Amino acid sequence: FYLDYGSFFREEMLKTDGSNFTDWYQRLRNMLSMNDVLYVIQEPIGDGPNKSASEDDDDDYRTCRDIVITVRFAILHSTETDLRWQFKNTSPYAMVDGIKESFIEQIRVMKYVCLDECLSNKMDENTCLESHLANMHEIHERLTVDLDYWMTGEFAVEGMLLSLPPSYKSIVTGY
């Protein structure tokens, strides 16, 4: 497994005071998302398969474990020394969870900014609906998965409908 770090390490390390947490966290998410391994910080990998598991299950677990180790390395080496020592023996999931807990005020601000982005995002006339839906979905994922913002499905749908241009009025009123 090869993790494409892109510019992740060339940017500023996560500071111990958390003053650059939101930028660091977004860069981390982007890097993991581009490598299709975002799940590593969203859930623990759990224990390995039991002894009666198939060889494929063992291989899958080993691959996942290797990805976790690589991501752990990336996170540790993108934080200042104090944070590195604090989280040196934890998984990427526990690391990010602990870092988020340490910088709860920044998370609150991120929720506000992301919710504002969601509610103020408007699709321009004659632009690609698919791109707009993908962007709105990404914002929704950030709010609900990354930032633990609880939102009803109805609220999400209404927000999406409100973001559409006037040419979609018949679809909106028909909903």
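Residues numbered from 1 in each chain as written. Predicted model: local features only at pLDDT ≥ 70, side-chain atom pairs only at ≥ 80, totals over all residues. Heavy atoms only, no water.

Caption draft 1: Quick look at the packing of aromatic side chains. Summed over the entire model, instances satisfying the criterion amount to six aromatic pairs. Measuring from centroid to centroid gives 4.7 Å for Tyr 5 and Phe 9, while their planes differ by 45°, and the two rings are tilted. Residue class for Phe 9 comes out partly exposed when judged on its relative accessible area of 35%. Here the aromatic residues Tyr 5, Phe 8, Phe 9 and Phe 73 are joined through ring pairs into a cluster of three or more. (Phe/Tyr/Trp six-rings, centres within 6.5 Å; stacked < 30°, edge-to-face > 60°. Buried < 20%, exposed > 50% of the residue type's maximum accessible area, 1.4 Å probe, protein only.)

Caption draft 2: Local environment of the nonpolar core. In this structure, Phe 21, Trp 24, Leu 28 and Ile 75 are the most contacted members of the largest nonpolar core, which totals 41 residues. Those elements that place two or more of their residues in this core are helix 1 (21–34), helix 2 (55–76), helix 4 (92–102), helix 5 (104–120), helix 6 (129–146) and helix 7 (153–162). Here Phe 21 is in contact with Leu 14, Ile 99, Lys 100, Phe 103, Gln 106, Ile 107 and Met 110, once residues within four sequence places are set aside. (Core = buried A, V, L, I, M, F, W, Y, C linked by side-chain atoms within 4.5 Å. Helix = DSSP H or I, 4+ residues; strand = E, 2+ residues; numbered from the N terminus. Contact = heavy atoms within 4.5 Å.)

Caption draft 3: Quick peek at the side chain of Asn 121. Tracing the backbone through its elements, the reader meets Asn 121 in the loop between helix 5 and helix 6. Of the residues examined, Asn 121 reaches a relative accessible area of 15% and is grouped as buried. Discounting residues that sit within four places of it in the chain, Asn 121 has contacts with His 132, Asn 135, Met 136, Ile 139 and Ser 163.

Caption draft 4: Structural detail: the environment of Gly 6. Positionally, Gly 6 belongs in the segment before helix 1. Since its relative accessible area comes to 35%, Gly 6 is described here as partly exposed. Between the C-alpha atoms of Gly 6 and Met 31, which are 25 residues apart in sequence, the distance is 7.1 Å.

Caption draft 5: Local environment of a negative patch on the surface. The grouping of Glu 55, Asp 56, Asp 57 and Asp 60 at the surface amounts to a negative patch. With respect to the helices and strands, the residue Asp 60 is situated in helix 2. (Patch = residues over 30% accessible without salt bridge, like charges linked within 9 Å, V, L, I, M, F, W, Y side chains within 5 Å. Areas by Shrake-Rupley, 256 points an atom, 1.4 Å probe, with all protein chains shown as cover. Salt bridge = Lys/Arg side-chain N within 4 Å of Asp/Glu carboxyl O. Lys, Arg positive; Asp, Glu negative; His and termini not counted. Charge placed at Lys NZ, Arg CZ, Asp CG, Glu CD.)

Caption draft 6: Spotlight on the packing of helix 1 against helix 4. At their nearest, the axes of helix 1 and helix 4 sit 12 Å apart, and the two run at 160° to each other. The pairing of helix 1 with helix 4 is recorded here as roughly antiparallel in orientation. Handedness of the crossing formed by helix 1 with helix 4: left-handed. Between helix 1 and helix 4, the contacting residues are Phe 21, Trp 24, Tyr 25 and Leu 28 on the first element and Val 96, Ile 99 and Lys 100 on the second. Its residues assigned to classes, the contact of helix 1 with helix 4 comprises six nonpolar, no polar and one charged. (Axes fitted to C-alpha atoms, helices over the stretch in contact; angles between N-to-C directions. Parallel < 35°, antiparallel > 145°, perpendicular 65-115°, else oblique. Left-handed = near helix turned anticlockwise from the far one by under 90°. Nonpolar A, V, L, I, M, F, W, Y, C, P; charged D, E, K, R; others polar.)

Caption draft 7: Fine view of unusual backbone geometry. Even without glycine at this site, Asp 36 takes up a positive phi of about 55°. As for its position among the elements, Asp 36 is in the loop between helix 1 and helix 2. Residue class for Asp 36 comes out exposed when judged on its relative accessible area of 65%. Unlike most non-glycine residues, Asp 148 shows phi in positive territory, near 55°. Inspection of the secondary structure assignment puts Asp 148 in the loop between helix 6 and helix 7.

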